[in-house]
Amino acid sequence: MEKEDNFFDKVYKVARLIPYGKVTSYGAIATYLGAARSARMVGWAMNKAHNLNDIPAHRVVNRKGLLTGKHHFDGTNLMQQLLESEGIIVIENQIQDLENVFWNPSEELI
(Lines give C-alpha, C1' and ligand atoms only; values in the text may rest on other atoms or scores of the structure.)
Protein backbone atom coordinates (compact mmCIF):
# COMPACT_ATOMS: atom_id res chain seq x y z
CA MET A 1 0.00 0.00 0.00
CA GLU A 2 1.24 3.43 -0.80
CA LYS A 3 1.83 5.71 2.14
CA GLU A 4 -0.37 8.51 0.79
CA ASP A 5 -3.44 6.24 0.57
CA ASN A 6 -6.15 7.15 3.04
CA PHE A 7 -7.92 4.48 5.07
CA PHE A 8 -10.87 4.22 2.66
CA ASP A 9 -8.49 3.73 -0.29
CA LYS A 10 -6.76 0.92 1.60
CA VAL A 11 -10.13 -0.69 2.34
CA TYR A 12 -11.06 -0.48 -1.35
CA LYS A 13 -7.79 -2.11 -2.41
CA VAL A 14 -8.53 -5.07 -0.16
CA ALA A 15 -12.21 -5.26 -1.17
CA ARG A 16 -11.24 -5.45 -4.85
CA LEU A 17 -9.33 -8.65 -4.03
CA ILE A 18 -12.27 -10.54 -2.52
CA PRO A 19 -12.74 -13.51 -4.84
CA TYR A 20 -15.98 -14.13 -6.73
CA GLY A 21 -18.21 -16.39 -4.64
CA LYS A 22 -16.56 -15.40 -1.35
CA VAL A 23 -17.33 -12.89 1.40
CA THR A 24 -15.30 -11.24 4.12
CA SER A 25 -16.15 -9.14 7.14
CA TYR A 26 -15.60 -5.53 8.08
CA GLY A 27 -13.44 -6.69 10.98
CA ALA A 28 -11.30 -9.01 8.82
CA ILE A 29 -10.46 -6.11 6.51
CA ALA A 30 -9.73 -3.82 9.48
CA THR A 31 -7.47 -6.44 11.08
CA TYR A 32 -5.59 -6.98 7.82
CA LEU A 33 -4.99 -3.23 7.60
CA GLY A 34 -3.56 -3.20 11.13
CA ALA A 35 -6.57 -1.38 12.56
CA ALA A 36 -8.43 -4.20 14.29
CA ARG A 37 -10.79 -1.86 16.15
CA SER A 38 -11.81 -0.04 12.97
CA ALA A 39 -14.46 -2.40 11.62
CA ARG A 40 -17.00 0.43 11.77
CA MET A 41 -14.75 2.62 9.59
CA VAL A 42 -14.56 -0.22 7.06
CA GLY A 43 -18.36 -0.20 7.10
CA TRP A 44 -18.38 3.52 6.40
CA ALA A 45 -16.00 2.95 3.49
CA MET A 46 -18.28 0.25 2.10
CA ASN A 47 -21.27 2.58 2.49
CA LYS A 48 -19.50 5.19 0.36
CA ALA A 49 -18.48 2.53 -2.19
CA HIS A 50 -21.91 1.18 -3.09
CA ASN A 51 -21.99 3.28 -6.27
CA LEU A 52 -18.41 2.49 -7.28
CA ASN A 53 -18.62 -0.26 -9.87
CA ASP A 54 -15.14 -1.66 -9.21
CA ILE A 55 -15.71 -2.25 -5.47
CA PRO A 56 -17.60 -5.48 -4.66
CA ALA A 57 -19.13 -4.03 -1.50
CA HIS A 58 -21.81 -6.75 -1.54
CA ARG A 59 -19.10 -9.24 -0.52
CA VAL A 60 -18.49 -7.53 2.83
CA VAL A 61 -20.74 -8.63 5.68
CA ASN A 62 -20.61 -8.54 9.47
CA ARG A 63 -18.67 -11.13 11.45
CA LYS A 64 -21.74 -13.34 11.79
CA GLY A 65 -22.47 -13.28 8.07
CA LEU A 66 -25.39 -10.87 8.29
CA LEU A 67 -26.08 -8.52 5.38
CA THR A 68 -25.91 -5.45 7.60
CA GLY A 69 -25.04 -3.17 4.67
CA LYS A 70 -27.98 -4.19 2.50
CA HIS A 71 -29.91 -0.96 2.99
CA HIS A 72 -27.12 0.95 1.21
CA PHE A 73 -27.84 -0.86 -2.07
CA ASP A 74 -30.46 0.26 -4.54
CA GLY A 75 -33.47 -2.01 -4.70
CA THR A 76 -35.01 -4.15 -2.03
CA ASN A 77 -32.70 -7.17 -2.03
CA LEU A 78 -29.87 -6.19 -4.38
CA MET A 79 -27.06 -7.20 -2.01
CA GLN A 80 -28.62 -10.63 -1.54
CA GLN A 81 -29.27 -11.01 -5.26
CA LEU A 82 -25.65 -10.17 -6.10
CA LEU A 83 -24.38 -12.71 -3.57
CA GLU A 84 -26.80 -15.38 -4.78
CA SER A 85 -25.70 -14.76 -8.38
CA GLU A 86 -22.23 -15.81 -7.18
CA GLY A 87 -23.57 -19.03 -5.66
CA ILE A 88 -23.72 -17.84 -2.06
CA ILE A 89 -26.81 -18.98 -0.17
CA VAL A 90 -28.55 -16.29 1.87
CA ILE A 91 -31.50 -17.04 4.14
CA GLU A 92 -33.16 -14.28 6.16
CA ASN A 93 -30.28 -11.86 5.46
CA GLN A 94 -27.66 -14.33 6.69
CA ILE A 95 -24.92 -16.05 4.71
CA GLN A 96 -25.27 -19.81 4.98
CA ASP A 97 -22.17 -21.99 5.29
CA LEU A 98 -20.14 -18.89 6.22
CA GLU A 99 -17.02 -20.85 7.15
CA ASN A 100 -16.76 -22.23 3.60
CA VAL A 101 -17.38 -18.97 1.73
CA PHE A 102 -15.40 -16.72 4.09
CA TRP A 103 -12.24 -15.12 2.70
CA ASN A 104 -9.77 -13.84 5.29
CA PRO A 105 -7.34 -11.33 3.79
CA SER A 106 -4.89 -11.87 6.67
CA GLU A 107 -4.56 -15.53 5.66
CA GLU A 108 -4.76 -15.04 1.89
CA LEU A 109 -2.67 -11.93 1.27
CA ILE A 110 0.99 -11.60 2.04
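In the block above lies the structure referred to throughout.
Calculation notes
Residues numbered from 1 in each chain as written. Predicted model: local features only at pLDDT ≥ 70, side-chain atom pairs only at ≥ 80, totals over all residues. Heavy atoms only, no water. Buried < 20%, exposed > 50% of the residue type's maximum accessible area, 1.4 Å probe, protein only. Helix = DSSP H or I, 4+ residues; strand = E, 2+ residues; numbered from the N terminus. Arc of directions from axis to C-beta. Contact = heavy atoms within 4.5 Å. Core = buried A, V, L, I, M, F, W, Y, C linked by side-chain atoms within 4.5 Å.

Listed in full, the buried residues belonging to helix α1 (residues 7-15) are Phe7, Val11, Tyr12, Val14 and Ala15. End-on, the buried residues of α1 take up no more than an arc of 160 degrees, which puts them together on one face. At its buried positions, α1 is contacted by α2 (26-32), α3 (39-49) and α6 (105-108).

Turning our eyes to something else, we now look at the nonpolar core. With 29 residues, the main nonpolar core has Val11, Val23, Met46, Leu83 and Ile95 as its most contacted residues. At the level of secondary structure, the elements contributing two or more residues to this core comprise α1, α2, α3, β2 (60-61), α4 (78-85) and α5 (98-101). Setting aside residues up to four positions removed in sequence, Val23 forms contacts with Ile18, Arg59, Val61, Leu83, Ile88, Ile95, Leu98, Val101, Phe102 and Trp103.

The next subject is α4. Here α4 has its buried residues at Met79, Gln80 and Leu83. The arc that holds every buried residue of α4, seen down its axis, measures 95 degrees, which confines them to one face. Looking at the packing, one finds that the buried side of α4 touches β2, β3 (90-91) and β4 (94-95). Taken from the residues just after α4, Gly87 is the one with a positive phi, measuring 90 degrees.

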